[in-house]
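# Commentary on secondary and tertiary structure
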Amino acid sequence: MADLWTVLGPIPAETLGHSQIHEHVFVRHTPMADKNPALQLDDFDRSLAELKDYRAGGGAFLADAQPVAAGRDALALERLSRESGVAVAASTGYHLLGFYRPDCWVHALDEEGLYRLYRSELEEGMLPWSGDDARRPETPTAVRAGLVKAAIPAEGAVGRYETLLRAAARAAADCGVPLMMHTEKGAHAPEAVRLCFKMGVPPEKMVVCHVDRQAADFAPHDAVAALGVYLDYDTIGRFKYHSDEEEVALIRHMADRGWGDRLLLALDTTAQRLAAYGGEIGLRYLLDTFYPRLAEAGFSAGELSLFSTGNCRRLFAG
Ligand SMILES: [Zn+2]
C-alpha cells in the first residue's frame, strides 16, 4: 500500500476520503497580496474554523498548493491539520515569479540547487516560514511536503520558468510524488507536460491546473487529457470566469470522452472565497452545492465517487 506524506506523516493513499487537490488555506504575505489582498490568508483562527467546517461537511483531505518561499508556512499547516482533523498534503516547488520578492533567496538557485531544495523538502522536511525572504532558513522543520507545485505563465515554460520546471519535474519524478502545474487557462500546457515527461514524470503523476478557467472551448481540454495526465478543475463557484452550468457541461464532455478517471475537482480558494474570511462560498461548496448539482445533471454515484475520492487516491498511490 503506497503512502502519501501529509503534514502529520504518512498515510495510505487508499484511505483518503473526500479530497480537494488544489486549495490555499494559510498563506503569509507575498508581493501578490499587494495587488490582490485576497491572496493573503494568515489569520490562524479563521483558517482553522474553515477547515473544521470542511471536516464537518464531509471533507477529509486537501492539498495546499502554496510552495516554499511563496507565503507557505509549514508549521501553521501542521497545526491546522492536527486541530481540524483534515489531512493536508503540503507543496514544495515554485509558483509564478510575482509571488517572490525581488531579493528572495530562491532566485539565486540554479537547476541543481532548486532540485536539491525540492527533494530535501520531500524527503527530510520543509523549510519554515521566517518573515525574511532575503535569507534562506537554516534549519528545516520535521514536516515533509507531499507533492511538487509548478507554474507556467501564459508564455509557457520559457526562460527562468524552464529551469524551475525542469527542477520541479525531476524532484517529483525521483521521489515518486505528484507534480501539480499551474497554467493560465492551459496555455502552452502540452509542451510543458512533454518537458515533464522528458524529466521522468509519468502521466499518472501529473496534474494540470486551471484549464477550466475557460470552459466554453473544449479543444484545449481534449489536448491536455490526450496526454494521459490529470486535470484539476478548480474554477467552480468562480462566477467572474463562468457559471457552474458551463463547468457541468465541460465535465460531461470530458466524462463522455472517457476521461472521467482523470478529473480532480477543487476550489483554488482565496480569502474572497473562504467563508471564515467573509468570502463568497467556503471549502464545503463542492460537498454542499456542486456535487448535488452534478447528481441532478445525471452523473452516477460511481462517477461522483471518482471525482471526489477515487482519482485522488490513484494519483498518490499509483
Ligand atoms: Zn492556486
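What comes next is a walk through the structure. As the structure is a computational prediction, the values presented were derived from the model and not from experiment. (Residues numbered from 1 in each chain as written. Predicted model: local features only at pLDDT ≥ 70, side-chain atom pairs only at ≥ 80, totals over all residues.)

### Description of the overall build of the protein chain
Within the protein chain one finds 10 helices and 11 strands. For a compact globule of 318 residues, the expected C-alpha radius of gyration is about 20 Å, and the protein chain comes in at 18 Å, within 12% of that figure. Structurally, the protein chain occupies a C-alpha span of about 55 × 45 × 40 Å along its principal axes. A buried classification covers 50% of the 318 residues belonging to the protein chain. Contacts in the protein chain between residues far apart in sequence, at least 24 positions, make up 75% of those at least 6 positions apart. (Helix = DSSP H or I, 4+ residues; strand = E, 2+ residues; numbered from the N terminus. Rg over C-alpha atoms; globule rule 2.2 N^0.38 Å. Buried ≥ 20, exposed ≤ 12 C-beta atoms within 10 Å, placed from the backbone. Contact = placed C-beta atoms within 7 Å.)

### Section: the sheet that holds strand E9 (residues 206-209)
In sheet architecture, strand pairing relies on hydrogen bonds along the backbone and comes in two forms, parallel and antiparallel. With respect to topology, 6 strands assemble into an open sheet ordered E6-E7-E8-E9-E10-E11, the strand pairing being parallel. Looking at which strands have only one partner, the edges of the open sheet turn out to be strand E6 (91-93) and strand E11 (263-265). Put simply, the sheet's adjacent strands are angled 30° from each other on average, direction ignored. Looking at chain direction, strand E8 (residues 179-182) and E9 are connected through 3 bridges and run parallel. Looking at the pairing, Leu 179 lines up with Met 206 of E9. Relative to the sheet, helix H6 (residues 189-198) contacts E8 and E9, its axis offset from that of E9 by approximately 160°. (Pairing = 2+ DSSP bridges. Axes fitted to C-alpha atoms, helices over the stretch in contact; angles between N-to-C directions.)

### So, the packing of helix H5 (residues 160-175) against H6
Remark: H5 packs on H6, axes separated minimally by 8 Å, with the N-to-C direction vectors making an angle of 50°. In this view, H5 runs oblique relative to H6, as classed from their interaxial angle. Where H5 crosses over H6, the two elements pack in a sense that is right-handed. Every residue of H6 that contacts H5 at Leu 165, Arg 166 and Ala 169 is listed here: Ala 192, Leu 195 and Cys 196. Of the residues belonging to the contact of H5 with H6, the class tally is 5 nonpolar, no polar and 1 charged. (Parallel < 35°, antiparallel > 145°, perpendicular 65-115°, else oblique. Left-handed = near helix turned anticlockwise from the far one by under 90°. Nonpolar A, V, L, I, M, F, W, Y, C, P; charged D, E, K, R; others polar.)

### Some details on the pairing of strand E2 (residues 9-12)
Pairing geometry for strand E1 (residues 3-6) and E2, over 4 bridges, is antiparallel. Counted as the bridge partner of Leu 4 is Ile 11 from E2.

### Examining the nonpolar core
One finds Leu 165, Ala 168, Ala 172, Leu 179, Met 181, Val 207 and Val 208 to be the most contacted residues of the largest nonpolar core, which totals 101 residues. The element that contributes the greatest number of residues to this core is H5, accounting for 10 residues. Discounting residues that sit within four places of it in the chain, Leu 165 has contacts with Ala 150, Ile 152, Ala 157, Ala 192, Leu 195 and Cys 196. (Core = buried A, V, L, I, M, F, W, Y, C linked by C-beta atoms within 7 Å.)

### Focus: the packing of helix H2 (residues 44-56) against helix H3 (residues 74-84)
One way to put it is that H2 packs onto H3 with a least axis distance of 9 Å and a crossing angle of 40°. Between H2 and H3, the interaxial angle falls into the category oblique. As H2 runs across H3, the sense of the crossing is right-handed. On the side of H2, the interface is formed by Phe 44, Ser 47, Leu 48, Leu 51, Lys 52 and Arg 55, while H3 contributes Ala 76, Leu 80, Glu 83 and Ser 84. Taken together, the residues of the contact of H2 with H3 break down into 5 nonpolar, 2 polar and 3 charged.

### Digging into helix H9 (residues 285-296)
Taking 1.5 Å per residue as the helical rise, H9 with its 12 residues ought to reach 16 Å, and the 16 Å between its terminal C-alpha atoms agrees with that figure. Listed as buried for H9 are Tyr 285, Leu 286, Phe 290 and Leu 294. One face of H9 carries all of its buried residues, which in axial projection span an arc of 75°. Turned more than 90 degrees off the buried face of H9, the exposed positions are Pro 292 and Glu 296. Residues of H9 that are buried sit in contact with strand E3 (19-23), helix H8 (244-256), E11 and helix H10 (301-317). Note on H9: the residue one or two positions beyond its end, Gly 298, has a positive phi of about 105°. (Expected span 1.5 Å × (residues − 1). Arc of directions from axis to C-beta.)

### Describing the pairing of E3
For E3, the tally of buried residues reaches 5 of 5 residues, placing the bulk of the element in the interior. Note that E3 and strand E4 (residues 61-64) share 3 bridges and pair parallel. Within the sheet, the bridge partner assigned to Glu 23 lies in E4 and is Asp 64.

### What about H10?
Since the α-helix packs 3.6 residues into each turn, any two residues three or four apart lie on the same face. Between the first and last C-alpha of H10 there are 22 Å, a value that for 17 residues agrees with the 24 Å anticipated at 1.5 Å per step. If you look at H10, its biggest bend is around 55°, right at Phe 307. Buried residues along H10 sit in contact with E1, E3, E9, strand E10 (230-233), E11 and H9. (Bend = angle between axes of the 7 residues up to and from the residue.)

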